[in-house]
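Residues per chain, in single letters:
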Amino acid sequence: MQVELVAPDAILFSGEADAVLCRTTDGEIAFLDNHAPFLGSLVEGDVTIRSTAGDQTIHSTGGFVEVKNNKVTILSDSAELT
């Protein structure tokens, strides 16, 4: 699936991934290929993006996550690679 993680000052990740794990106001959630459409609010915490190249962890202070048509888009209030 295609994943984009965008902060106000940079695109921190853009590419293919096998899974995305993050924390929303409803709790921890994982997105895999062909996930049902989803829109939620992120809370502060780590977003883990898993791919064949390995895991990438990005700390986000909050924002929004949308899943639609096998694409995960994360709009973060602010974020940094960890």
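Here, every reference points to the structure presented above.
Residue positions are given per chain, counted from 1 along the sequence in the order it is written. Given that the model is predicted, a residue must reach a pLDDT of at least 70 before its local features are reported, and side-chain atom pairs must reach 80 or more before they are shown or counted; all residues, however, enter totals for whole chains, interfaces and linings. Based on all heavy atoms of the structure, the side-chain values leave hydrogens and waters out of the count.

Novice: So what's going on with the nonpolar core? Which residues, and what values?
Specialist: Residue types Ala, Val, Leu, Ile, Met, Phe, Trp, Tyr and Cys, when buried and joined through side-chain atoms within 4.5 Å, form a set referred to as a nonpolar core. Throughout, exposure labels follow a simple rule: accessible area from a 1.4 Å probe, protein chains only, divided by the maximum for the residue type, with under 20% read as buried, over 50% as exposed, and the rest as partly exposed. Counting 18 residues, the largest nonpolar core has Val3, Val20, Val72 and Ile74 as the members making the most contacts within it. A run of H or I in DSSP counts as a helix once it spans at least four residues, and a run of E counts as a strand once it spans at least two, with each numbered from the N terminus. Mapped onto this core, the elements with two or more residues apiece are strand S1 (2-7), strand S3 (19-24), strand S6 (45-51), strand S8 (63-68) and strand S9 (71-76). No other element matches the three residues that S1 contributes to this core. In contact with Ile74, not counting residues within four places along its chain, are Glu4, Leu5, Val6, Val20, Leu42, Val47, Phe64 and Val65. Whether two residues touch is decided by their heavy atoms; if any such pair falls within 4.5 Å, the residues are in contact.

Novice: Could you give me a rundown of the side chain of Thr24, with the residues and numbers involved?
Specialist: If you trace the backbone, Thr24 turns up in strand S3. By relative accessible area, which is 5% here, Thr24 ends up buried. Not counting the four nearest positions on each side in its chain, Thr24 is found in contact with Ile29, Phe38, Ser41, Leu42, Val43 and Val65.

Novice: Report on the packing of aromatic side chains, specifying residues and quantitative values.
Specialist: For Phe, Tyr and Trp, rings pair up if their centres lie within 6.5 Å, where Trp contributes its six-membered ring, and each pair is then called stacked (planes under 30 degrees apart), edge-to-face (over 60) or tilted (otherwise). In this structure the tally under the stated criterion is one aromatic pair. Between Phe31 and Phe38 the ring centres are 5.3 Å apart and the planes differ by 55 degrees, which places this aromatic pair in the tilted class. With a relative accessible area of 0%, Phe31 lands in the buried category.

Novice: Now, about the environment of Phe64: what can you tell me, with residues and values included?
Specialist: Examined against the element boundaries, Phe64 turns out to sit in strand S8. Judged by its relative accessible area of 46%, Phe64 is partly exposed. Spatially, the C-alpha atom of Phe64 lies 5.2 Å from that of Leu75, the residues being eleven residues apart in sequence. Once you skip the residues sitting within four places of it in the chain, Phe64 turns out to touch Gly40, Ser41, Leu42, Thr73, Ile74 and Leu75.

Novice: So what about the side chain of Thr48? Which residues, and what values?
Specialist: In this structure, Thr48 sits in strand S6. You can call Thr48 buried: its relative accessible area is 16%. Each residue touching Thr48, except ones within four places of it in the same chain, is listed here: Ala19, Val20, Leu21, Asp55, Gln56 and Thr57.

Novice: Just give me the short version of the pattern of salt bridges, but keep the residues and values in it.
Specialist: Here a salt bridge means any side-chain nitrogen of Lys or Arg lying within 4 Å of a carboxyl oxygen belonging to Asp or Glu. In total, this model carries two salt bridges according to the counting rule given. The salt bridge partner of Glu28 is Arg23, with a shortest N-O separation of 2.8 Å. Taking the relative accessible area as the measure of exposure, Glu28 reaches 58% and is therefore exposed. Taking the relative accessible area as the measure of exposure, Arg23 reaches 36% and is therefore partly exposed. Between Arg50 and Asp55 there is a salt bridge, with its nearest N and O atoms 3.1 Å apart.

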